[in-house]
Amino acid sequence: MEAQAEHVTTGDEASVHVRVWRGDSGGGQWHIYRVPVRRNQTVLDVVTWIQQNPAPDLAYRFACRVGVCGSCAMTVNGEPRWTCRTHVNRVLRDGQLSIAPLRNLPVVRDLVCDMTPFFDRWSEAGGGFVPGIDRHRPLPAIAPDTLARRAADAAIECINCAVCYAACDVVAWKRDFLGPAALNRAWSLVNDERDRGNRERLRAVSGDAGCHNCHSQQNCTQYCPNLLDPAGSIAGLKRTVMRAVLKGEF
Amino acid sequence: MPLGLYLLQRLSALVMAPLVLVHLGVIIYAVRSGLDAESLLGRTRGSVAWGLVYGSFVLAVSIHAAIGIRTVLHEWLRLKGPALEALTWALGLGLLVLGFRAVFAVTLA
């Protein structure tokens, strides 16, 4: 049975039964807190209340609190979410809430993950823009309504919160898999006519840890808080690589 | 998964798709028309066409299944390196031998 530590700090007022995973890379346990109910309360509000009241040493990460920065992603009742955009009353199960760090990433402490592997995959997938001109030449006009530009614009909205990476079962099974966010970024650049790095990028995304490992389960698309479609991006990369192979470019 | 194996698995799926339909059609026809084993073998023995249909079916299945199970072994059992390659080859060759044995029995024996 899982170890648990209970901290009951509220009186008679209506409260939520909250389990918070606390520990570090060596392991941890669930701690139980009673958190008073507030109107329009978000999961981030709950974590902040716990940190400001019974557990000042609770480690968690947030910045904007309004769904822009993507730094407050955690596992809420078993599902990866932005805690700042998740209202408690929409995710409560039998009046209970469990909050844990994101899956598939090493834990630094409590609810804070080390994002290094996530951004390493981003670089390995050729996520950096490769310019084709220098600052002395005029910028080319980019038509906004081409098929490629629309695909690039759709994928470029990713803010790298790692919710898709945590939701991906293939990442859980195969730790070197590039993952949905990195491949989505690569797809955005593959469709960017200003970029000149596609030859190397297509090699990077078609390696042993590349896009072909995706099983198209689409957890990434299901959980993306920005409503992006990383699974569609990965399918696009598979088609592009296949075309490159048929043209003899590999 | 190496790109070559991915392509090989898609290619083998392309071959398998129509052959699965042919195989299902043969089963339905044989059952509904009341053919017994003797009359079935009478039609398949010595037939180059049936030998080619089921021979290519067995080849495609052996490739497709071995690569698919390789992925399961790698992701769920964390197998890799020579152990993974050896098991994949063993599965593919095992299916190939068993399949060709059956094809041989109904077309050539």
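Conventions we followed
- Residues numbered from 1 in each chain as written.
- Chains lettered and ligands numbered in written order.
- Predicted model: local features only at pLDDT ≥ 70, side-chain atom pairs only at ≥ 80, totals over all residues.
- Heavy atoms only, no water.
- Core = buried A, V, L, I, M, F, W, Y, C linked by side-chain atoms within 4.5 Å.
- Buried < 20%, exposed > 50% of the residue type's maximum accessible area, 1.4 Å probe, protein only.
- Domains from an automatic or database assignment.
- Contact = heavy atoms within 4.5 Å.
- Helix = DSSP H or I, 4+ residues; strand = E, 2+ residues; numbered from the N terminus.
- Buried area = accessible area lost by both parts, 1.4 Å probe.
- Salt bridge = Lys/Arg side-chain N within 4 Å of Asp/Glu carboxyl O.
- Polar contact = N/O pair within 3.5 Å; in protein donor to acceptor, adjacent residues only side chain to side chain.
- Nonpolar A, V, L, I, M, F, W, Y, C, P; charged D, E, K, R; others polar.
- pLDDT = per-residue confidence, 0-100.
- Pairing = 2+ DSSP bridges.

Asks: So what exactly am I meant to see when it comes to the nonpolar core here?
Replies: In summary, soluble globular proteins display a tendency toward joint burial of nonpolar side chains. The biggest cluster of nonpolar side chains holds 64 residues, and the ones touching the most others in it are Val 18, Ile 50, Leu 97 and Ile 99 of chain A. Two domains each donate at least three residues to this core, and these are domain 1 (4–113) and domain 2 (116–246) of chain A. Among all residues touching Leu 97 of chain A, those that are not within four sequence positions of it are Val 16, His 17, Val 18, Arg 19, Val 43, Val 46, Val 76, Asn 77, Val 88, Val 91 and Leu 92 of chain A. Met 16, Tyr 54, Val 58 and Ala 60 of chain B belong to the second largest nonpolar core, which has seven residues in total.

Asks: Got a minute to help me understand the environment of Ala 59 of chain A in this structure?
Replies: Residues and elements named next belong to chain A. Relative to the helices and strands, Ala 59 resides in the loop between helix H1 (43–52) and strand S4 (73–76). Ala 59 sits 50 residues away from Arg 109 along the chain, and the two C-alpha atoms are 6.2 Å apart. Excluding residues within four positions of it along the chain, Ala 59 makes contact with Arg 109, Asp 110, Leu 111 and Val 112.

Asks: I'm lost on the interface of chain A and chain B in this one. Help?
Replies: Accessible area lost on assembly of the parts is the figure often given for the size of an interface. Taken residue by residue, the interface counts 15 residues in chain A and 11 residues in chain B. Among the residues chain A hides against chain B, the three largest losses belong to Trp 173, His 212 and Met 242 of chain A. Together they make up 47% of the total. On the surface where chain A and chain B come into contact, there are zero salt bridges. Across the chain A-chain B interface, the total number found is six residue pairs in polar contact (both at pLDDT 80 or more). Going through the elements one at a time, helix H6 (169–173) and helix H10 (230–246) of chain A are the ones with two or more residues in the side of chain A that touches chain B. Class assignment for the residues of the side of chain A that touches chain B results in seven nonpolar, five polar and three charged.

Asks: Quick question: what am I supposed to make of the confidence of the model for chain B here?
Replies: Interpretation of the predicted coordinates at a detailed level should be avoided for regions scoring low in pLDDT. Residue and element names in this part refer to chain B. In the predicted model, chain B carries a mean pLDDT of 94, and 100% of its residues have values of at least 70. For chain B, per-element mean pLDDT is lowest for helix H2 (residues 37–44), which scores 90, and highest for helix H4 (residues 81–107), which scores 97. The complex model carries a pTM of 0.89, and its ipTM stands at 0.83.

Asks: Help me understand the pairing of strand S5 (residues 79–82) of chain A in this model?
Replies: Side chains on a regular strand alternate between the two faces of the sheet. Residue and element names in this part refer to chain A. Burial along S5 is one-sided: the residues Pro 80 and Trp 82 are buried and none of Glu 79 and Arg 81 is. Judged from the four bridges that link them, S4 and S5 form a sheet pairing that is antiparallel. Of the residues in S5, the one forming a bridge with Thr 75 is Pro 80. Linking S4 to S5, which pair antiparallel, is a turn of two residues; within it Asn 77 sits at a positive phi near 50 degrees.

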